[in-house]
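Understanding the architecture of this molecule
What follows is each chain in one-letter form.
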Protein chains: 2
Amino acid sequence: MQPSQALDLSGERFVVVYHLTGDAAEADAKARDICLEQTVEFPDELVPDGDIRAHILGRIESLVPLTGARFAARISYAIETAGFELPQLLNLVFGNISLKPGIRLERLELSPRLLQSFSGPRFGRAGLRERLGVPQRPLLCTALKPMGLSPIALAELAYQFALGGIDIVKDDHGLADQPFAPYRERVQRCADAVARANQQTGRACIYMPNVSAPADALFEHARFAKAAGSGGLLIAPGLVGLDTMRRLADDEQIALPLMAHPAFQGSFVASADSGISHYALFGQIARLAGADASIYPNYGGRFSFSHAECNSIVEGTATPMAQIKPIFPTPGGGMSLERVVEMRAGYGDDVIFLIGGGLHKHGPDLVENCRHFLSLVE
Amino acid sequence: MQPSQALDLSGERFVVVYHLTGDAAEADAKARDICLEQTVEFPDELVPDGDIRAHILGRIESLVPLTGARFAARISYAIETAGFELPQLLNLVFGNISLKPGIRLERLELSPRLLQSFSGPRFGRAGLRERLGVPQRPLLCTALKPMGLSPIALAELAYQFALGGIDIVKDDHGLADQPFAPYRERVQRCADAVARANQQTGRACIYMPNVSAPADALFEHARFAKAAGSGGLLIAPGLVGLDTMRRLADDEQIALPLMAHPAFQGSFVASADSGISHYALFGQIARLAGADASIYPNYGGRFSFSHAECNSIVEGTATPMAQIKPIFPTPGGGMSLERVVEMRAGYGDDVIFLIGGGLHKHGPDLVENCRHFLSLVE
């Protein structure tokens, strides 16, 4: 091994908090392993002395016991090792150790200079409220479904939703570019339908088509949506990549609010002992990757997130991260109109309520159902 | 809800095998839920009769008990619902249900017409062997590390590896575009070093730089690598998106062999009761997404995959999938030269052995260590 050269590093480090499973000796071994595995990926005895050992290697800042044979490790990394970009940041904080048991990424504590590399959400809570003309109350969202409807039928639904006072009408995330509802025809019809309703209501409802498309088509789809009059975009970073969402958010020509859908991301939060915390994944990381709203399955619906996990997501959407704006937590998944009052008591006003199928159940008239939904928060 | 129109569907369906946790009633409820959740995402009682209920909805083809309170469900979907593209296929087979407990995607049984939508790996096993001029034995791979070395130091390592007979010299996946080893300088120097060694040895070693870069830079990095003389590319689909890898594989101008790295994908395989099977993720899905080689942590190394899980990956890399070529299983992660004989007995010849840090441990002379590695398989 060549002697290591002197590295021109800033000395700035940032911290990642991991929860480690095991007794004190095991947790210590895991923490030491993370420091190697995530940086030099080299046997300890072969790591060159000098700057590589002193700076490039991860460093255990603290290791403290939690309840139940778990430890919290604060591990710091030189900001340069993250490359000032999202894929390498994700790799550094959780790449290889995602493959090792008993390690859970709990929280990012990114440093100022590293955060300056990211623009985060273009709109955030305040920007999206301004677009919608809704300064204070919870925002209302629903989805166009079921899959299999024609563009005309979907557009009729969009019209009724917008007429009834929904703020954001999004594609169901399973609407892609299938032969029964081709992307361009669907998007144009639905955007037109929402615009027509807005003319009647004086509201500023926005339609968010799903652009979780193949890599060669995604940006073209997004530009088409913008030209068609869509006021935002739905995107599933688990399907297309977190950094693809980040790039979409950063695109100066497209410049539309983004709503992140959690499809294909569930495995990250499936275990209390490994993966990534709800707080970090659906809060901090969604923000870093440019989402203005982060959908997740609400507690008590047809998914399995707990009340505490949902609260932690809310926290992650707004925890201070330098210039990175707070975003909207967007609980959905088997929600019903009957739960809106309870949800508002818990979530307060800075939230988007996403009710899909449940909005069809309240009564036979969809427009009336939407008006009722709105009356519950106004 | 509007009456559903007659849908112009081919009638062709494909099957996904899920393992479901629970007793017979729970497994049945889970299977029925998957059929709704992954397609119409609508309450059962609201699903329109006609083509949507008859064809768009997922269908339970069989549900059979396994040992230990688990069931195997074969669920079929109309091929049109997958949109003939990777992001929507991934969404359809595992999007929302990744967020539900006790559901594991075990195996894809894609139908001929759906498979025709994917090119898969450009080279596959035979194509990569031809490029390397190695018709039969296991291929040898190592990684440039540790992070923190300069491009000059990394290139010197690459030279020694290639001189010693390594077939594939790849970047460590933590090498991005950091200030201490900028992408372009590193790639040019390492590609030159390998070319120089090849001139001396008469071999056809290839250098695979890591292109797991931001979405705006990734293809530019890949084109630069090709122009610099790199013979392949390393990419981590967990960091940049599976469909980004697919697009890279399909690019006619770049047209280089791809090696997939599992960074950030570990959570998918962390639980026996949820997530995606090793077979499907590192075998079938890696192939669909265009990888020519699929890296995974070998059993008995510093990660936690079992021998059986590794064998299932090997199976997934070669199981018949119409025109989609078989690819190389690439076990790595804490491997040593001492294990090569045992590994070859288990893996046979159609495998890439990835030994990183372990190659530095055998003796002080790296070139000699590589020659020894080669002698073990020749």
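These notes cover the structure that comes with them. These numbers were taken from a predicted model, which means no experiment stands behind them.

**Remarks on the packing of aromatic side chains**
Here the structure, examined in full by the defined rule, presents 15 aromatic pairs over all chains. Centre to centre, the rings of F282(A) and F305(A) are 5.9 Å apart; their planes meet at 40 degrees, and the pair counts as tilted. Taken together, the residues F282(A) in helix α11 (residues 278-288) and F305(A) in the loop between β11 (293-297) and α12 (307-318) connect sequence positions 23 residues apart. Accessibility assignment for this pair places F282(A) and F305(A) in one class, buried. Members of the aromatic cluster, joined through ring pairs, are F94(A), F264(A), F268(A), F94(B), F264(B) and F268(B). In this arrangement the basic side chain of R247(A) is found over the ring face of F219(A), its NZ or CZ atom lying 4.5 Å from the centre.

**What about the sheet that holds strand β2 (residues 59-65) of chain A?**
Residues and elements named next belong to chain A. Read across the sheet, five strands follow the order β2-β3-β1-β4-β10 without closing on themselves; strand pairing throughout is mixed. Sheet topology places β2 and β10 (275-276) at the edges, where each strand pairs with a single neighbour. When strand β4 (residues 103-109) meets β10, the two strands line up parallel, connected through two bridges. Looking across to β10, one finds that L105 is bridged to I276. Its contacts with the sheet put α11 on β4 and β10, and the angle it makes with β4 is roughly 45 degrees.

**Here's the deal with helix α7 (residues 183-201) of chain A**
Residues and elements named next belong to chain A. Taking 1.5 Å per residue, 19 residues should reach 27 Å; α7 reaches 27 Å between its end C-alpha atoms and fits that length. Here α7 has its buried residues at Y183, R186, V187, C190, A191, A193, V194, A197 and N198. Viewed end-on, α7 has its buried residues packed into an arc of 160 degrees, placing them on one side of the element. The outward face of α7, more than 90 degrees from its buried face, is lined by the exposed residues Q199 and Q200. Contacts made by the buried residues of α7 are with β5 (139-144), α6 (151-164), β6 (168-171), β7 (206-208) and α8 (218-228).

**Details of the relation of the copies chain B and chain A**
Superposition of the two copies of the chain requires a rotation about an axis together with a shift along that axis. If you rotate chain B by 180 degrees and push it 0.0 Å along the axis, it lands on chain A with an RMSD of 0.0 Å. What the superposition gives is, in effect, a two-fold axis relating one chain to the other. Minimal C-alpha distance to the rotation axis in chain B is attained by G241(B), lying at 2.1 Å. The share of interface residues of chain B whose copies in chain A are also at the interface is 100%, consistent with both copies meeting through the same surface.

**Topic: the state of the cysteines**
Residues and elements named next belong to chain A. Taken as a whole, this structure holds zero disulfides over all chains when the rule is applied. Residue C310 stays outside any disulfide, its sulfur separated by 16 Å from that of C141, the closest cysteine. With relative accessibility at 0%, the residue C310 sits in the buried group.

**As for the pairing of β6(A)**
All names here are of chain A. For β5 and β6, the ladder comprises four bridges, and the chain directions are parallel. In the strand pairing of β6, C141 is matched with I168. In this view, the connection linking β5 to its parallel neighbour β6 by way of α6 has right-handed handedness. Pairing between β6 and β7: three bridges, direction parallel. Among the inter-strand pairings, K170 is bridged to a residue of β7, identified as M208.

Cut-offs and rules
Residues numbered from 1 in each chain as written. Chains lettered and ligands numbered in written order. Predicted model: local features only at pLDDT ≥ 70, side-chain atom pairs only at ≥ 80, totals over all residues. Heavy atoms only, no water. Phe/Tyr/Trp six-rings, centres within 6.5 Å; stacked < 30°, edge-to-face > 60°. Helix = DSSP H or I, 4+ residues; strand = E, 2+ residues; numbered from the N terminus. Buried < 20%, exposed > 50% of the residue type's maximum accessible area, 1.4 Å probe, protein only. Lys NZ or Arg CZ within 6 Å of the ring centre and 35° of its normal. Pairing = 2+ DSSP bridges. Contact = heavy atoms within 4.5 Å. Axes fitted to C-alpha atoms, helices over the stretch in contact; angles between N-to-C directions. Expected span 1.5 Å × (residues − 1). Arc of directions from axis to C-beta. Least-squares fit on C-alpha atoms with pLDDT ≥ 70 in both. Disulfide = S-S within 2.5 Å. Right-handed = clockwise from strand over helix to strand, strands pointing away.

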